[in-house]
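# Architecture and fold: a report
Each chain, written out:
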Amino acid sequence: MSGAAGFIGSHLCDRLIAEGHAVLGYDNYMTGDARNLQHLEGNPAFEFREWDVCRSFKVDGPVDGVLHLASLASPKDYFEHPIETLDVGSAGTRNMLEIARQHDARFMLTSTSECYGDPLEHPQVETYWGNVNPVGVRSCYDESKRYAEALTMAYHRVHGVRTNIARIFNTYGPRMQLKDGRVVPAFIDQALHGEPMTVFGDGTQTRSFCYVQDLVDGLYRLTLSDERYPVNLGNPLELTILEFAKRIRRLTGTTAQLEFKPLPQDDPKRRQPNIGKARKILGWEPKVSLEDGLKETIDYFQRLPSPALAPS
Ligand code: UDP
């Protein structure tokens, strides 16, 4: 698995090991964190290699599945590192697909709802082709994932690799990076410090947030399926960012005020997954309520060793 030390990758490692699989994890720690895998140290079912999968590599021994999760995923990170973002979607995906081809293994690409760009269809269904600005600041991520999807389909069509493509919508939970700039850790961090909660734009833009445990369950089911075309994985509960800020204020009991900041370029106005396909072919739907998921996440951030939560 690439991106094994990341937020979603590390949870998927846990799930695979719990299901009885042995996992060989790769990460270059660009946005991943060794602490996300600390609990697996010494576990005979887990091995880790620090490596940038944009550089080609070989794996010895049998491989049943290749899971490609490596990517920058937070807008703040990919605005700062657009070339690395394009590289991991292109060269990184190619190298991971090659491993799958060489070992006759299954392959899963973790793609994104950003493939739909600033969508003109709502909610987003997998057959919608999207509304992406190909040269805007988000294009490094959107086009990198769209290219990765195209490459994955090409490997399936040309080499017969058994591929899956997950289009992941906004996901949150323990092991997110507190300072990665995404709205969930940003609001929780600010609320816990009593600092102004930074709402970008007027806060009427919407997102739909899925708890990581639910998402990982969907990913695991997808890796076992024979569906070759993209499948949306996300929670259909759609909220405005303002409403979301209010929920976090209530759950943390903070007195923090809202502070309005400029909306980043091409920030999607609405996003909500249509998960009919996942329901039908994977028998999957999210189970964890936003309230429960946020409580777990807030609790995780509160329990982090003090430097992470020291006043910033
Ligand atoms: N956002 C915000 N305040 C923040 C960070 C993000 O209002 O401190 C907004 C952002 O503009 C977007 C939404 O929250 O409309 C979700 O942003 P995030 O970076 O979490 O993920 P995205 O869905 O944009 O990839």
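As a starting point, this report considers the structure included with it. Treat the numbers as computed from the prediction; the structure is a model and nothing was measured. (Residues numbered from 1 in each chain as written. Predicted model: local features only at pLDDT ≥ 70, side-chain atom pairs only at ≥ 80, totals over all residues. Heavy atoms only, no water.)

## Quick word on the nonpolar core
Side chains of a nonpolar character, in soluble globular proteins, are inclined to be buried together. Judged by nonpolar contacts, the single largest core of 54 residues is most densely connected at Ile8, Leu12, Leu219, Leu233 and Phe244. Setting aside residues up to four positions removed in sequence, Phe244 forms contacts with Val183, Val184, Phe187, Phe209, Leu239, Leu290 and Leu294. In this structure, Tyr26, Val88, Leu151 and Met153 belong to the second largest nonpolar core, which totals 22 residues. (Core = buried A, V, L, I, M, F, W, Y, C linked by side-chain atoms within 4.5 Å. Buried < 20%, exposed > 50% of the residue type's maximum accessible area, 1.4 Å probe, protein only. Contact = heavy atoms within 4.5 Å.)

## A word on the sheet that holds strand S10 (residues 231–233)
Read from one edge to the other, the open sheet built from four strands follows the order S3-S4-S5-S10, with strand pairing classed as parallel. Looking at which strands have only one partner, the edges of the open sheet turn out to be strand S3 (65–68) and S10. Between one strand axis and the next, the sheet turns through 25° on average, direction left out of account. Running over the sheet, helix H4 (residues 139–159) touches strand S4 (106–112) and strand S5 (163–168) and is turned about 155° from S4. Of the strands in this sheet, S3, S4, S5 and S10 touch helix H6 (residues 212–223), which is tilted by about 160° from S5. (Pairing = 2+ DSSP bridges. Helix = DSSP H or I, 4+ residues; strand = E, 2+ residues; numbered from the N terminus. Axes fitted to C-alpha atoms, helices over the stretch in contact; angles between N-to-C directions.)

## As for the site of the ligand
Lining the immediate environment of the ligand, one finds 18 residues, of which Thr198, Phe200, Arg207, Asp267 and Arg271 sit closest. At a separation of 2.8 Å, an oxygen atom of the ligand approaches a polar backbone atom of Phe200. Measuring from an oxygen atom of the ligand, one finds a side-chain N or O atom of Arg271 at 2.8 Å. The protein chains hide 95% of the 520 Å² of surface that the ligand would expose on its own. Elements with a contribution of two residues or more to the shell around the ligand: helix H5 (183–193) and strand S7 (197–200). Along the lines of polarity and charge, the residues of the shell around the ligand split into eight nonpolar, four polar and six charged. (Near = heavy atom within 4 Å. Polar contact = N/O pair within 3.5 Å; in protein donor to acceptor, adjacent residues only side chain to side chain. Areas by Shrake-Rupley, 256 points an atom, 1.4 Å probe, with all protein chains shown as cover. Nonpolar A, V, L, I, M, F, W, Y, C, P; charged D, E, K, R; others polar.)

## Some words on the pattern of salt bridges
For the coordinates displayed, the defined rule picks out 25 salt bridges. Across the pair Glu47 and Arg49 runs a salt bridge, and its minimum N-O distance is 2.9 Å. We classify Arg49 as partly exposed; its relative accessible area is 31%. When salt bridges with common partners are traced through the structure, they connect Glu114, Arg138, Arg207, Asp267 and Arg271 into a single cluster. (Salt bridge = Lys/Arg side-chain N within 4 Å of Asp/Glu carboxyl O.)

## Looking at the packing of aromatic side chains
According to the stated counting rule, one finds eleven aromatic pairs in the structure shown. Ring plane angle 40° and centroid distance 6.1 Å describe the contact between Tyr116 and Phe169, whose orientation is recorded as tilted. Of this pair, Tyr116 sits in the loop between S4 and H4 while Phe169 sits in the loop between S5 and strand S6 (171–172), and the two are 53 residues apart along the sequence. Taken as a pair, Tyr116 and Phe169 share a single burial class, namely buried. (Phe/Tyr/Trp six-rings, centres within 6.5 Å; stacked < 30°, edge-to-face > 60°.)

## Considerations on the environment of Asn95
Note that Asn95 resides in helix H3 (residues 82–103). Separated by 39 residues in sequence, Asn95 and Ser56 place their C-alpha atoms 5.6 Å apart. In contact with Asn95, other than residues within four places in its own chain, are Val53, Cys54, Arg55, Ser56 and Phe57.

## Considerations on H4
Taking 1.5 Å per residue as the helical rise, H4 with its 21 residues ought to reach 30 Å, and the 28 Å between its terminal C-alpha atoms agrees with that figure. Taken together, the buried positions of H4 are Ser139, Cys140, Tyr141, Asp142, Ser144, Lys145, Ala148, Glu149, Leu151, Thr152, Met153 and Tyr155. Along its buried surface, H4 packs onto helix H2 (75–80), H3, S4 and S5. (Expected span 1.5 Å × (residues − 1).)

## Concerning the pairing of S5
Counting buried residues along S5, six of its six residues qualify, which places the element largely inside the surrounding structure. Residues Thr163, Ile165 and Arg167 of S5 are buried on one face, and the alternating residues Asn164, Ala166 and Ile168, pointing to the opposite face, are buried as well. Pairing geometry for S4 and S5, over six bridges, is parallel. By the bridge assignment for S5, Thr110 is matched with Ala166. Across three bridges, the pairing between S5 and S10 is parallel. Bridge pairing links Ile168 to Leu233 in S10.

## Quick word on the packing of helix H7 (residues 241–252) against helix H9 (residues 290–303)
Contact geometry of H7 with H9 gives a least axis separation of 11 Å together with a crossing angle of 60°. The orientation of H7 relative to H9 falls into the category oblique. Considering only the axes of H7 and H9, their crossing is right-handed. For the pair H7 and H9, the contacting residues are Phe244, Arg247, Ile248, Arg250, Leu251 and Thr252 in the first and Leu290, Glu291, Leu294, Lys295 and Ile298 in the second. A breakdown of the residues in the contact of H7 with H9 according to their chemical character gives six nonpolar, one polar and four charged. (Parallel < 35°, antiparallel > 145°, perpendicular 65-115°, else oblique. Left-handed = near helix turned anticlockwise from the far one by under 90°.)

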